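Results of the structural survey
The primary structure of each chain is shown beneath.
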Amino acid sequence: MKTTVINLEDKSFNQSIQDILARLLDSGLVGSILLPKKTTGGDNYVQALVKNPRLLADTDVSAPVILVQSARLISNLTFGDPGERIAVVVKPCEARAVVELTKFRQIRRESLLIIAVDCLGTYEPKVFSTLAKSGKDPAADLRKQAASGRCEPDPEASFRTACTICEHPSVPLELVDLIIGLWGIDCEENIYIEAADEVAAQMEEKGVLEFNGGEQPRRSECLSALREERVKARDRVLGDFSRQVSSLKELQKLLSTCMRCHNCMINCPICYCRECVFRSPTFEHTPDQYLGWARDKGAIRMPTDTMMLHLTRLNHMVISCVGCGLCDTACPSDIPVTSLFRTVGLRAQKMMEYEPGRSYDEPAPATTFRDDELLHESGTAN
Amino acid sequence: MTAGGAKKHRVLVVGGGFAGMTAALQLAEQGCAVTIAEKEAAIGGHFPLLDRTFPTDSCGVCFLSPKQPAYCPFIECELRENITIKVGREVAGLTGGPGDFRAKLRTIALGVDQNSCIDCGVCVTVCPVRVPDEFSDGLEERRAIYKQYPKMVRAGYRIDFDACTRCGACLDACPVHAVNLDSEATEEELIFDAVLLAPGFSLVDGRLKGEYGFGRYPNVVSSRQLERMISFSGPSGGRVYAPADGSMPRRVAFIQCVGSRDVSCGRGYCSSVCCMYTAKQAAFIRERSPETEVVVYYIDIRGMGKGYETYLNRVRKEYQVEYRRSMVSTVKEDPRTRKLALVYDAGGKFLRDEADLVVLSLGFDAPVLDFAGDVGLDTDEYGFCRTAEFSPGVTSVPGIFAAGAFCGPKDIPETVMEATCAADALLVSLAAGAPGETAAGTGIPTPKEGNVWVEEPRIGVFLCSCSGFMEERLDYSGLLKKAGQRHRVVCTEIVDHVCTAEGIAGLRAFIGKHELNRLIIGACSVRLMERLLDKFAQDIGFNPNAFTVVNLQEQCLLPHASESGLLKAKAAALVDAAVTKVYRDLPAIGDTFAVERRALVIGGGVAGMTAALSLAARGYGVFLIEKSDKLGGRLLDAHYTLKGSSPRELAESLAAKVTEDKRIEVVAGAEVSGHSGHAGNYTTAVRTGEDVHVFRHGVMIVATGGREAATDEYLYGQDRRVVTQVELEKRIATAPESLRSVHSVVMIQCVGSREPGKREYCSRVCCTHALKNALGLKNENPGAHVTVLYRDLRAYGLYEDYYRAAREAGVLFTPYDLEAKPEVSVDGGTLRVTYDDQILRSRVSIEPDMLVLSTGIEPADNRELAAILKLPLDEYGFFAESNSKAALVDFAGEGRYHCGLASVPLHIEETLTRSRAAASRAAAVLARETIRASKYSVAVSTRLCSGCGLCVEACPYDAREIHPEDNIAIVHYDLCHGCGSCAAICPNGATQQIGFDKGQIMAMAGEIMR
């Protein structure tokens, strides 16, 4: 690992990062960069794929908002061979989703230069818009607090639930190529960067960045304290949730306003199927089936299969759920999908001794079989 | 049903045990019309006695995988259209010769019409007579009318007319009038082109060894009785007990070699199988009742098959079964306690042991064939059929072939191999199987596709009344009334006997009248009718996938016979589900591949050449790839066998035949450099020096051979007096005079074999190699002292005679343990071998002139080749078989096979057997003009597939792959077994199992759960 601490001198945080990224493009080490850029509307951020260094203006790697999960976009970019290396600027939950999608062959890791930025918390997109429209700079406001190791949301807003219970405000360097650290760093003065040896060497050779070995020991202190706090928050929130949704009846209630828009599935980074089984001929029922069900039960909920959708999604990908919370963001009925997935996910992951996004080498549980699982499956285990 | 109108060859297979069934399947698959004559009421032979088999501890034969025909020979023989099974028939006479054998088949009165019997079992419950059941040596009772074996496809009921009182109760009770108390023996004469004898064996009668008290002491049981005890279908449901009082025995003693290796009772041969079945039984006892001690009294443990060594080690170490190398002289019962006292020989001293249960491990007896004399069939002194060492499966009579235990005691894998080999020899003798002659002989019809999938479903529901038996119990009229109300059901009828060709033909009129394009048939077992349905479908141009069979017998009547309400409700739900299923049926994958009717054989040793010649004799072109510049392989350096034949001459004559045969193209000095394709269509690149040749072929046989393993133990390589068996063999053959001055020779067995960390397997041939060289030495120099230090002398089967001959010639055999291996040293020029003599119980030193090491066999280095061919090796570097019981020359999926030392250590005769077996398996593929993907398969939607690769991980047969360019999962239909694992793991249904797609399953579940 190589590290560096860059003094901002008279430049802003964003300017300095933009300069580095511009040099990265110029160096030819990557052919393009995917990163959050101000929307045309001006009050939000969404990812842009930038090839022209001059168009890096208006980008903010620390924008505290996720409109679309980057892992999904990265899959679009690298499902086939893109023919060049692409730098992608991601939040920790996005980096961990990249790990999962790599296992499912939806992302070509070798085509990427992954730059992970510490996450200080994110707002729902409409909340962010409101703050931006009122003249605030939510990103800068959070960066100001980063040095303290504690970031409070704007007094008139709150972070997304997923972020308040997220145990991964950063990712280890093994999963990515370069990290822009924010936690415990005085972002008004400095930028802290970690890079894998090989990447660092390439960058130094091409004059993108000098690695001066500067350290920021406060960062790891802040992160471990933060993690502890978040785990407690997580257990509290999910504990409340499982007490509340403790029966099938309660689950039915929870999902009763589902309008079959499939937004949760479309926005989920792990739901990688090109076309979901729920949008395929498998679920094209015939009229006599609907009528038969109605006859048998007296009445059936229309649309059908909404409970089935959520159960199937749980069955298919909860083991790989990174808890990014995009399903909550996407749900027009405000169903707490994230809490459901994190509650079930934690148990399933614990049972399989699996943590999504922990390592590229850890095979997905569906593809492995251990002898003792046979005992479990067959019910012969004690 | 052969293409081009050529007539089918008629073959009589005598005996429907494992050998007979295997041979019949091979022959039928290659276009012969096979008649199996079985004297019992059902086929199966001894197999129904076995609940599980070593070394996998499972039955292992039925793999429940629809595309593995050979795995359940019972079902397959019943279904194969080219096989006629005649049970209750014995061959009373056989005359004539090849092309015109006249066989007199005499019926044995069974009293039950096997074709009408529906296995309801009522007759047994009403029979008042109880007699001891010979199936378990009298451990259980049976009635006078009884089912011969517990678990069979066809029930096999029969009447014991000696016990029957003619009371007529069964006659009245039988719902289908299948019982006939007056059946008389009749005879028919049939004509055959060739005959294959597979009459099997019988177990020795335990009373033969009176000193063990079998038949007098209830707690002395036979291995047959114990096999029933450990069987879940047996009298105790798998619990071992002392028959005297039913108690659990605290100590069980097995006595090996009862009626084997014993000239005193006229059975000098080793029965080959008993050591392993005892190990299986002992392990079972320990597993089920860990507090029971088990001791095995034995002479040598003979477990020389693949995987057996590991199995035996597990039985000893994990199950802690005690093995005592000692023979028991007598067993006496204490009449008060019923405990048994055993007296056994321990190095000259007689010791006593006590047990609650003594098990006699019974050997094999040769069968008696009345007609053997008529045709002049050559049998040995024990009654086993004689075949020439280098012509396995071929008897002394032209046109008559033989396989299985009839040719000498052997276990199931060897039996399967020999039966396949004999079928090959038979087909070659008939010049059968040549291209064009037997093309459609597979029994799997090719359907004409009706374009029913785009039509609106018109569904017909037919229920088979089973002679009124099912109709009554299941309320057919109620079922049909309900089904008739379903959308798109246009015809509902009760029919009869759809399990017969005539019965099923009755459906035709309804199909025409109502323009049906989907059929539901409610009847008994699906698998019994499947082929019949497929054939019917083909005849009338109906897609076989538009049929659905509802199993009203096994899924309704049998499990719920006593719960009338549940029975009817379940039947109705299943019919409902079937209507929903056919509504959504989709066509089978119609992929058909033309078969490239040539073979590629890798390896020009005896194995490869034998396989190549066999295929060429059937008229197929063969590319024979040999690494060196010369054909012949390892056997060019082998001078003689234990039985006195010359391997070298064999290798040379095969090489000459191969060279002469115009159908065989030999590519010498060649190595395989690339390989792709699937069964029926492979492309293989072969490099010779700078050149690369590309061959297209339909099948492949890998026969890369093996070699004598190297060693540096016991001063080999340091002292010239230490040689290997192969080196000694060469000296005996080429410089015998040099041996006349030798006074003393020591041979050490298992050098580097059966040893943890070295080669853990048994090399099978070293014991007989030592015997042949010891006898060879004694022959040249009778005065020489020859001492063989061995661990278990594995002269199995008929090789035992040579072991006895060697002892009689004065060769000294002395056992050693792995924990106390012999020590070899040189002291002042004197070679010294020191070992613990277990008989003298002291340390003995010999100063031999020559020390001969049996170093075992290892495979050629196959790693690179295996990687190119994408074929699996086992942990020792041999090519891995797909099933250790029934598919020893097969890889998963058909098309590619292996044989010879590339598979496992083998004697030459066994190599020949397996090579012909591999050729026969390969020829069965080449016999088809086209290969059609099985209807049991999966379909992939390219629109839906995300290329995630989960299916690739889930597939146990390597049949799924991500296409490197398209990033879409593809199916190799030749490898696909239709198990559905990939369809289950596919998250969005991009992979669907045909006939059971996700939509169908959900819709069916919806119907059932209403």
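As the structure is a computational prediction, the values presented were derived from the model and not from experiment.

Turning our eyes to something else, we now look at the sheet that holds strand 39 (residues 812-815) of chain B. Hydrogen bonds between backbone groups are what pair the strands of a sheet, and the pairing can be parallel or antiparallel. Residues and elements named next belong to chain B. With parallel pairing, five strands are arranged side by side in an open sheet as 36-43-37-38-39. The open sheet has two edge strands, strand 36 (722-724) and strand 39, and neither has a second partner. Taking each pair of neighbouring strands and ignoring which way they run, the sheet shows an average axis angle of 25°. Sheet topology note: the strand 38 (residues 785-790)/strand 39 ladder contains four bridges and is parallel. Within strand 39, the residue paired with L789 across the bridge is T814. In the packing of helix 19 (residues 725-734) onto the sheet, contacts are made with strand 36 and strand 43 (850-853), and the angle to strand 36 comes to roughly 90°. Helix-sheet contacts for helix 20 (residues 766-780) involve strand 37 (744-748), strand 38 and strand 43, and the interaxial angle to strand 38 is about 170°.

A separate point is the interface of chain B and chain A. As a measure of interface size, the accessible area lost when the parts come together is often cited. If you look at the interface, chain B gives 19 residues, while chain A gives 20 residues. Those elements that provide at least two residues to the side of chain B that touches chain A are helix 24 (950-954) and helix 26 (998-1008) of chain B. With three residues, the top contributor of residues to the side of chain B that touches chain A is helix 26 of chain B. When grouped by side-chain class, the residues that make up the side of chain B that touches chain A number seven nonpolar, eight polar and four charged.

Turning our eyes to something else, we now look at the domain arrangement of chain A. Residue and element names in this part refer to chain A. Split by domain assignment, chain A resolves into domain 1 (2-231) and domain 2 (246-378). The C-alpha centroid of domain 2 is placed 30 Å from the C-alpha centroid of domain 1. Contact with domain 1, which involves 24 residues of that partner, is made by 18 residues of domain 2. For the side of domain 1 that touches domain 2, the elements supplying multiple residues, two or more each, are helix 2 (70-78), helix 3 (92-103) and helix 6 (161-164).

Between its first and last C-alpha atoms helix 20 of chain B spans 21 Å; for 15 residues at 1.5 Å apiece the expected length is 21 Å, and the two agree. With respect to burial, helix 20 of chain B is a largely interior element, 13 of its 15 residues being buried.

The rules behind these values
Residues numbered from 1 in each chain as written. Chains lettered and ligands numbered in written order. Predicted model: local features only at pLDDT ≥ 70, side-chain atom pairs only at ≥ 80, totals over all residues. Pairing = 2+ DSSP bridges. Helix = DSSP H or I, 4+ residues; strand = E, 2+ residues; numbered from the N terminus. Axes fitted to C-alpha atoms, helices over the stretch in contact; angles between N-to-C directions. Contact = placed C-beta atoms within 7 Å. Nonpolar A, V, L, I, M, F, W, Y, C, P; charged D, E, K, R; others polar. Domains from an automatic or database assignment. Expected span 1.5 Å × (residues − 1). Buried ≥ 20, exposed ≤ 12 C-beta atoms within 10 Å, placed from the backbone.

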